[in-house]
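# Remarks on the overall topology
Chain residues, written in single-letter form:
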Amino acid sequence: ANPKCWFLVHPKEIFGGYCCKKCHWRHMSASTKSKKHHGLQCLQCEAPENAPRAPAVAPAEPLKLTGAEGMAEDDGMPSEIQATQNDNCKGTASAAAEAGAAGAAAAATAA
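Residues numbered from 1 in each chain as written. Predicted model: local features only at pLDDT ≥ 70, side-chain atom pairs only at ≥ 80, totals over all residues. Heavy atoms only, no water.

### Regarding unusual backbone geometry
Let me state the cut-off plainly: Numbering goes from the N terminus for both helices and strands, where a helix is a DSSP run of H or I of at least four residues and a strand is a run of E of at least two. Each residue's exposure class comes from its accessible area (1.4 Å probe, protein chains only) as a fraction of the maximum for that residue type: buried when under 20%, exposed when over 50%, partly exposed otherwise.
Phi at Gln 44 is positive, roughly 50°, even though this residue is not glycine. The topology assignment puts Gln 44 in the loop between α1 (21–29) and α2 (79–103). Accessibility expressed as a relative area gives 43% for Gln 44, which makes it partly exposed.

Printed below as a string of structure tokens:
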């Protein structure tokens, strides 16, 4: 949903139409104060070129739009789990590419 993001929508529905809560926060706040563009739970799986843009559905529990200083990351995550999630995204991206533009709308929508 964020026009400045080219990652796939997170497979967990709690992230809405975004790759992570941080991406939603940046889209809604238009803040440039935060150095990190994505949260700890972002899988950072690049969407295929022809992936449709996801609807702007907010995460189930979005980050507060109070400013970068008080903003929490998406619940934190140990780097070992992050590495496992990054390995898992390879299958998601290749499956989406195989499905093509028509069938990939649900599996591969850009955040």
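### Digging into the environment of Lys 36
The topology assignment puts Lys 36 in the loop between α1 and α2. Residues Lys 36 and Cys 23, spaced 13 residues apart in sequence, show a C-alpha to C-alpha distance of 9.5 Å.

### Quick word on the nonpolar core
Which entries qualify depends on this criterion: In this text, buried Ala, Val, Leu, Ile, Met, Phe, Trp, Tyr and Cys residues form a nonpolar core when linked through side-chain atoms within 4.5 Å. It only takes one pair of heavy atoms within 4.5 Å for two residues to be counted as in contact.
Formed by Ala 1, Cys 5, Phe 7, Tyr 18, Cys 19, Cys 20, Cys 23, Cys 42 and Ala 111, the largest nonpolar core amounts to nine residues. In this structure Cys 23 touches Asn 2, Cys 5, Tyr 18, His 37 and His 38, once residues within four positions along its chain are discounted. Among the nonpolar cores identified, the runner-up in size contains six residues, and Leu 43, Cys 45, Ala 47 and Ala 51 belong to it.

### As for the confidence of the model for the protein
What counts, and what does not: Summary of the metric used: pLDDT quantifies the predictor's per-residue confidence within the range 0 to 100.
Per-residue confidence for the protein gives a mean pLDDT of 73; residues scoring 70 or more make up 59%. Below a pLDDT of 50 lies the segment residues 68–84, which in the model reaches 33 contacts outside its immediate sequence neighbourhood of four places, other chains included. Taken as a whole, residues 93–107 scores under 50 in pLDDT and shows 12 contacts with residues more than four places along the chain or in a different chain.

### Quick word on the environment of Arg 53
Here is the rule we go by: In protein, a polar contact means a hydrogen-donor-capable atom and an acceptor-capable atom, both N or O and within 3.5 Å, with residues adjacent in sequence counting only if both atoms are side-chain atoms; elsewhere, any N or O pair within 3.5 Å suffices.
Turning to its location among the elements, Arg 53 is positioned in the loop between α1 and α2. Of the residues examined, Arg 53 reaches a relative accessible area of 32% and is grouped as partly exposed. Sequence-distant contacts of Arg 53, defined by excluding residues within four places in its chain, comprise Ala 1, Asn 2, Pro 3, Cys 5, Trp 6, Ala 110 and Ala 111. Side-chain polar atoms of Arg 53 contact the backbone oxygen of Asn 2, separated by 2.9 Å. Within the local environment of Arg 53, its side chain forms a polar contact with the backbone oxygen of Cys 5, the two atoms lying 2.7 Å apart.

### Here we look at the environment of Cys 23
With respect to the helices and strands, the residue Cys 23 is situated in helix α1. What makes Cys 23 buried here is its relative accessible area of 2%. Separated by 16 residues in the primary sequence, Cys 23 and Gly 39 place their C-alpha atoms 7.3 Å from one another.

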